[in-house]
Amino acid sequence: MEFNGLIVSKRIKEQLKEKLKDEDITLAIITNKDDGSISYLKSRIKLCESLNIKMKVYYQEDIEDQASFIDLITLLNNDVNITGIMLDRPLLNHFNEKEIFEHLSYKKDVDGCTTYNAGLLMQNKNCLTSLTPSAVMLLLEEYQYDVSGKKVCVIGRSMNVGMPLFHLLVNKNATVTLCHSKTKDLSSITNDADLVIVAIGKKEFIDESYVNSKTTLIDVGIHYNEDGTLTGDVKKDVYQKVLNYSPVPKGVGPLTSVSLVYNLLKIKKGLI
């Protein structure tokens, strides 16, 4: 079965329009001017316009130095009219990313990047969680895939995908193996798993040797082909070899925007 996040996201966004029509929500985004960030920014502008969410956009290129960046974060933290704050990574090279994120209020950390939110997640306490891991969990939930008691293999241990995803799955009673570049005999681990989630950041790394007919396969990777089309961390011919799969595109990606809106609503309603 195809786990199509695009279909799910369209349905949820229609439901959200009614919930958001009377809400006063403002998202502050600190981004940069490279092509990838501008493309992502445009998609969020379109999302917010469709759901009555206000936006304020700041560009890292316009911020003079580290102190000025921290001053901007502090200003936004203290502004009662700002619901959530999102910092697009990676930051420009002359900024100390770790230090800047430590100044971001965990209560406005809409992308779940702060150490405080990470700690709350690890303890299975109420928090704001990273958008992509949240999107993975939402996709599984929408297709009624219960991870409780399942053997799950997560490939990739990044702080914004693999690590928080590990904790989200454990908190739902999955038995999780977290794999990475130093993992030995990866294919034996993936073939023993019920659910394999790939967030390794290597184009078409996973082939049919890593899966079997009982595998549910979720592909988090996004890569551009020379013709401008998208592919993931999984070769597309693997889709036909598994029980369930999420495609790239139209899989996890569309649900990251839904996760963003859910986090904004959580902040607005004082649930964090």
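Given the structure is predicted, the values throughout are model-derived calculations rather than measurements.

1. Here's the deal with the overall build of the chain
Now for step 1: Within the chain one finds nine helices and ten strands.
Now for step 2: What you see for the chain is a C-alpha radius of gyration of 19 Å, in line with the 19 Å of a compact globule of 272 residues.
Now for step 3: The buried share of the chain, reckoned over its 272 residues, is 48%.
Now for step 4: Accessible surface computed for the chain: about 13600 Å², of which carbon and sulfur atoms make up 50%.
Now for step 5: Counting 33 positive and 35 negative side-chain charges, the chain places the averaged centre of each group 5 Å from the other.

2. Notes on the sheet that holds strand 5 (residues 175-179)
Now for step 1: Spatially, 5-4-6-7-10 is the arrangement adopted by the five strands of the open sheet, whose pairing is parallel. The open sheet is flanked by strand 5 and strand 10 (244-245), the only strands paired with a single partner.
Now for step 2: Judged from the four bridges that link them, strand 4 (residues 151-155) and strand 6 (residues 195-198) form a sheet pairing that is parallel. Paired with V152 across the strands is L195, a residue of strand 6.
Now for step 3: Those strands touched by helix 7 (residues 162-171) are strand 4, strand 5 and strand 6, and its axis lies near 170° from that of strand 5.

3. Remarks on helix 3 (residues 66-78)
Now for step 1: Given a rise of 1.5 Å per residue, 13 residues ought to cover 18 Å, and the 19 Å separating the end C-alpha atoms of helix 3 matches this to within 8%.
Now for step 2: Taken together, the buried positions of helix 3 are Q66, F69, I70, L72, I73, L76 and N77. Axial view of helix 3: buried residues confined to an arc of 155°, hence all on one face. Of the exposed residues in helix 3, the ones pointing more than 90 degrees away from its buried face are D71, L75 and N78.
Now for step 3: Lining the buried residues of helix 3 we find strand 1 (26-31), strand 2 (54-59), strand 3 (84-87) and helix 4 (97-102).

4. Concerning helix 2 (residues 35-50)
Now for step 1: Over its 16 residues, helix 2 extends 23 Å from the first C-alpha to the last, a length consistent with the 22 Å expected when each residue adds 1.5 Å.
Now for step 2: Buried within helix 2 we find S37, L41, R44, L47 and C48. Summarising the axial view, the buried residues of helix 2 lie within an arc of 120°, below the 170-degree limit, and thus occupy one face. In this structure, helix 2 carries D35, K42, K46 and E49 as exposed residues pointing more than 90 degrees from its buried face.
Now for step 3: Buried residues along helix 2 sit in contact with helix 1 (5-20), strand 1, strand 2, strand 3 and helix 9 (253-268).
Now for step 4: For helix 2, the N-terminal capping position is held by D34, with its side-chain oxygen 2.9 Å away from the main-chain nitrogen of S37.
Now for step 5: N52 sits one or two positions beyond helix 2 and adopts a positive phi of about 60°.

5. Section: the pairing of strand 7 (residues 216-219)
Now for step 1: With burial as the criterion, each face of strand 7 is covered, one bearing T216 and I218 and the other bearing L217 and D219.
Now for step 2: The pairing of strand 7 with strand 10 spans two bridges and is parallel. Along strand 10, the bridge assignment pairs T216 with N244.

6. What to know about the side chain of T129
Now for step 1: Examined against the element boundaries, T129 turns out to sit in the loop between helix 5 (115-122) and helix 6 (131-142).
Now for step 2: Among the polar contacts listed, one links the side chain of T129 to the side chain of S134, at a separation of 2.5 Å.
Now for step 3: With residues up to four places along the chain from it excluded, the contact list for T129 reads V110, D111, G112, L121, S134, L168 and N263.

7. Here we look at the state of the cysteines
Now for step 1: For the coordinates displayed, the defined rule picks out zero disulfides.
Now for step 2: C113 supplies the cysteine sulfur nearest to C127, a cysteine that is in no disulfide, at a spacing of 12 Å.
Now for step 3: Given a relative accessible area of 5%, C127 falls into the buried group.
Now for step 4: With no disulfide of its own, C153 lies 3.7 Å from the sulfur of C179, the closest cysteine sulfur.
Now for step 5: On the basis of relative accessible area, C153 is assigned to the buried category, the value being 1%.

Definitions and cut-offs
- Residues numbered from 1 in each chain as written.
- Predicted model: local features only at pLDDT ≥ 70, side-chain atom pairs only at ≥ 80, totals over all residues.
- Heavy atoms only, no water.
- Helix = DSSP H or I, 4+ residues; strand = E, 2+ residues; numbered from the N terminus.
- Rg over C-alpha atoms; globule rule 2.2 N^0.38 Å.
- Buried < 20%, exposed > 50% of the residue type's maximum accessible area, 1.4 Å probe, protein only.
- Areas by Shrake-Rupley, 256 points an atom, 1.4 Å probe, with all protein chains shown as cover.
- Lys, Arg positive; Asp, Glu negative; His and termini not counted.
- Charge placed at Lys NZ, Arg CZ, Asp CG, Glu CD.
- Pairing = 2+ DSSP bridges.
- Contact = heavy atoms within 4.5 Å.
- Axes fitted to C-alpha atoms, helices over the stretch in contact; angles between N-to-C directions.
- Expected span 1.5 Å × (residues − 1).
- Arc of directions from axis to C-beta.
- Polar contact = N/O pair within 3.5 Å; in protein donor to acceptor, adjacent residues only side chain to side chain.
- Disulfide = S-S within 2.5 Å.

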